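Below are the chains, spelled out letter by letter.
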Amino acid sequence: MLEYKSKWYDCTLHKVDRFFASSQTCSKCGAKNPKVKDLSVHTWTCSCGATWNRDENASLNLLKQGKLELGIR
Ligand SMILES: [Zn+2]
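This write-up is about the structure you can find in this document. Because the structure is a prediction, the values reported are computed rather than measured.

With that settled, the discussion passes to the overall build of the protein chain. A tally of helices and strands in the protein chain yields 2 helices and 2 strands. In the protein chain, the succession of helices and strands from N to C terminus is α-β-β-α. Relative to its full complement of 73 residues, the protein chain shows a buried share of 32%. Entry remark: accessible area of the protein chain is about 5,400 Å², with carbon and sulfur atoms responsible for 56%.

So this is what it looks like as C-alpha cells:
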C-alpha cells in the first residue's frame, strides 16, 4: 500500500516537473532565478536571502506544487 502510494506520488511529481521551473524558483518566496537554468549552478542565493542547494530547492518546490495539483493539504 505504501509502496503503491509513493510510486503514484513520484509519477505525479515528474509530471509536474515538465512544465514547472522547479530548480529556478525560490521555494521560500517564489522568485525566479533564470541563472539556475545552467546545470553547473549547484547552490544559489535568492534576492530574499535564502540560500539553496539546487536539488533541495527543486524537491521542495515539487512537493509544494504536487500537493497543490493533487489538492493535498
Ligand atoms: Zn526567495
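If you trace the backbone, Gln24 turns up in the loop between α1 (2-19) and β1 (43-45). Separated by 10 residues in the primary sequence, Gln24 and Pro34 have C-alpha atoms spaced 6.0 Å apart. Not counting residues within four places of it along the chain, the set of residues in contact with Gln24 comprises Ala31, Lys32, Asn33, Pro34, Val36, Lys37 and Trp44.

With that out of the way, let us pick up the coordination of the zinc ion. Donor atoms from the polypeptide that bind the zinc ion are Cys26 (SG), Cys29 (SG), Cys46 (SG) and Cys48 (SG), placed at 2.3 to 2.4 Å. Coordination at the zinc ion is tetrahedral: its 4 donor atoms span angles of 107 to 112° at the metal. Summarised as a motif, the one-chain spacing of the donors to the zinc ion is C-x2-C-x16-C-x1-C. In this pair, Cys29 is assigned in the loop between α1 and β1 and Cys46 in the loop between β1 and β2 (51-53), connecting sequence segments 17 residues apart. For Cys29, a relative accessible area of 43% puts it in the partly exposed group. Under the relative-accessibility criterion, Cys46 is labelled buried at 8%.

Each value, and the rule that gives it
Residues numbered from 1 in each chain as written. Predicted model: local features only at pLDDT ≥ 70, side-chain atom pairs only at ≥ 80, totals over all residues. Heavy atoms only, no water. Helix = DSSP H or I, 4+ residues; strand = E, 2+ residues; numbered from the N terminus. Buried < 20%, exposed > 50% of the residue type's maximum accessible area, 1.4 Å probe, protein only. Areas by Shrake-Rupley, 256 points an atom, 1.4 Å probe, with all protein chains shown as cover. Contact = heavy atoms within 4.5 Å. Donors = N, O, S within 2.8 Å, 3.2 Å for Na, K, Ca; no water. Tetrahedral: all angles 85-135°; square planar, octahedral: opposite > 155°, others 65-115°.

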